[in-house]
Amino acid sequence: WESFVKEVIAQVLFWSCVGCAPLTLVLYGIAFMRIRLRYLFGTILASSVTLCTLLWYFNAAAIGLADKTDKITPRAWITLLPVSVTVSFVIFVIAMIRRWSFK
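The structure contained in this document is the topic of the report that follows. The numbering scheme is per chain: residues are counted from 1 as the chain's sequence reads. Totals for whole chains, interfaces and linings use every residue, but because this is a predicted model, local features are given only for residues with pLDDT of at least 70 and side-chain atom pairs only at 80 or more, for both listing and counting. Note: side-chain values were computed over all heavy atoms of the structure, leaving out hydrogens and water.

1. Re the packing of helix α3 (residues 37-66) against helix α4 (residues 81-101)
Angles run from 0 to 180 degrees between N-to-C directions of axes, and those axes are lines fitted to C-alpha atoms, restricted for helices to the stretch in contact. Each helix is a run of H or I in the DSSP string that is no shorter than four residues. Each strand is a run of E no shorter than two, and both are numbered from the N terminus. Where α3 meets α4, the closest approach of the two axes is 8 Å, and the angle between their N-to-C directions is 145°. By crossing handedness, the relation of α3 to α4 is classed as right-handed. Each of L37, L40, I44, S47, S48, L51, C52 and L55 in α3 lies in contact with α4, whose residues at this interface are L81, V83, S84, V85, V87, S88, I91, F92, A95, M96 and R99. Residues are grouped as follows: Ala, Val, Leu, Ile, Met, Phe, Trp, Tyr, Cys and Pro are nonpolar; Asp, Glu, Lys and Arg are charged; every other residue, Gly included, is polar. Split into classes, the residues belonging to the contact of α3 with α4 amount to 14 nonpolar, four polar and one charged. Each crossing gets its handedness from the near helix: less than a right angle anticlockwise from the far helix is left-handed, clockwise is right-handed. Only heavy atoms matter for contacts: two residues are in contact if any of them lie within 4.5 Å across the pair.

Encoded structure:
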């Protein structure tokens, strides 16, 4: 029973984290639509969170596959947030430049 619960938790974690990949792309696509500025800001914030979750999962999975001794622990989710916020900020700047140039 315990191994079943662990497998269910692992599957939920896998599918929720991998599901962040298309969600991030959809949110970045929405950022280039003509929406209100506050919706654009919210979209960029949400996409940075989903991108951070995706990066965290692949970081944890790579460490889990590479480490056979269980001595390396994955990085905390929050440590990957600056990377995803930077990527989202660049997308935000590009969306704003596009918005101002095509008025």
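2. Concerning the side chain of S84
Relative to the helices and strands, S84 is located in helix α4. By the criterion applied in these results, polar contacts are pairs of N or O atoms within 3.5 Å in which, for protein atoms, one can donate a hydrogen and the other can accept it, and in which residues neighboring in sequence qualify only through two side-chain atoms. Within the structure, S84 has its side chain in polar contact with the backbone oxygen of L81 (distance 3.0 Å). Setting aside anything within four residues of it in sequence, one finds S84 in contact with Y28, S48, L51 and C52.

3. Considering α4
Helix length check: α4, at 21 residues, gives a terminal C-alpha distance of 30 Å against a target of 30 Å (1.5 Å per residue), a fit within 8%. Exposure categories follow from relative accessible area, calculated using a 1.4 Å probe and restricted to protein chains: below 20% of the type maximum is buried, above 50% is exposed, and the middle band is partly exposed. Residues of α4 that are buried: S84, S88, I91, A95, M96 and R99. Down the axis of α4, the smallest arc covering the buried residues is 140°, so these residues share one side. In α4, the exposed residues that point more than 90 degrees away from the buried face are P82, F89, I97, W100 and S101. Where the residues of α4 are buried, they touch α2 (20-31) and α3. Each helix should span, by expectation, one fewer than its residue count multiplied by 1.5 Å. Directions drawn from the helix axis to the C-beta atoms are what define this arc.

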